[in-house]
Amino acid sequence: MVKPTLVTNRVRSLRFEHGEMTQVALAELIGVTRQTVIAIEQERYSPTLELAFQIAHVFGVSLNEVFQYPDKSIKNINTKGAKK
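What comes next is a walk through the structure. (Residues numbered from 1 in each chain as written. Predicted model: local features only at pLDDT ≥ 70, side-chain atom pairs only at ≥ 80, totals over all residues. Heavy atoms only, no water.)

Some points on unusual backbone geometry
The backbone of Glu-20 shows a phi angle near 55°, a positive value even though the residue is not glycine. Relative to the helices and strands, Glu-20 resides in the loop between helix 1 (11-17) and helix 2 (23-30). The exposed category is assigned to Glu-20, whose relative accessible area is 56%. For Glu-43, which is not glycine, the phi torsion reads 60° and is therefore positive. Locating Glu-43 in the fold gives a position in the loop between helix 3 (34-41) and helix 4 (49-59). Since its relative accessible area comes to 25%, Glu-43 is described here as partly exposed. (Helix = DSSP H or I, 4+ residues; strand = E, 2+ residues; numbered from the N terminus. Buried < 20%, exposed > 50% of the residue type's maximum accessible area, 1.4 Å probe, protein only.)

Below is the structure:
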């Protein structure tokens, strides 16, 4: 079973904002399969940092405009290893 990621994204909406780009077209531009694009859009897969930058570059936006990570998760990570 695949563990869902905490990373959310706007890949699907950005595709539609950019001339209704297909998953195949995006996949070809970034060098992955259509299945990989689907998994990223459905938040079942977090892309590598390099792939994330490539996706942002295709749409001409910053990484933060494509991918988001919830602030509360960062707080939980920071406090897990803290000594009292």
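A closer look at the nonpolar core
By size, the foremost hydrophobic cluster in this structure holds 15 residues, and its most contacted members are Val-11, Leu-26, Ile-55, Val-66 and Phe-67. Where this core is concerned, the elements lending two or more residues are helix 1, helix 2, helix 3 and helix 4. In terms of residue count, helix 4 provides more of this core than any other element does, five residues in total. (Core = buried A, V, L, I, M, F, W, Y, C linked by side-chain atoms within 4.5 Å.)

Considering the side chain of Gln-23
Following the sequence through the fold, Gln-23 ends up in helix 2. Among the polar contacts made by the side chain of Gln-23, one reaches the side chain of Glu-41 at a distance of 2.9 Å. With residues up to four places along the chain from it excluded, the contact list for Gln-23 reads Arg-15, Arg-34, Val-37, Ile-38 and Glu-41. (Polar contact = N/O pair within 3.5 Å; in protein donor to acceptor, adjacent residues only side chain to side chain. Contact = heavy atoms within 4.5 Å.)

Observations regarding the pattern of salt bridges
Taken as a whole and judged by the stated rule, the model has two salt bridges. Arg-10 serves as the salt-bridge partner of Glu-17, at 2.8 Å between the closest nitrogen and oxygen. Where Glu-41 meets Arg-15, a salt bridge forms, and the shortest distance between an N and an O atom there is 2.5 Å. Of this pair, Glu-41 sits in helix 3 while Arg-15 is found in helix 1, placing the two residues 26 residues apart along the sequence. Residue class for Arg-15 comes out buried when judged on its relative accessible area of 5%. (Salt bridge = Lys/Arg side-chain N within 4 Å of Asp/Glu carboxyl O.)

A look at helix 2
Taken together, the buried positions of helix 2 are Gln-23, Leu-26, Ala-27 and Ile-30. Projected down its long axis, helix 2 carries its buried residues within an arc of 100°, all on one side. In helix 2, the exposed positions that point more than 90 degrees away from the buried face belong to Glu-28 and Leu-29. Looking at the buried residues of helix 2, the elements they touch are helix 1, helix 3 and helix 4. (Arc of directions from axis to C-beta.)

Here's the deal with the side chain of Glu-41
Judged by relative accessible area, Glu-41 falls into the buried class, the value being 14%. Discounting residues that sit within four places of it in the chain, Glu-41 has contacts with Asn-9, Val-11, Arg-12, Arg-15 and Gln-23.

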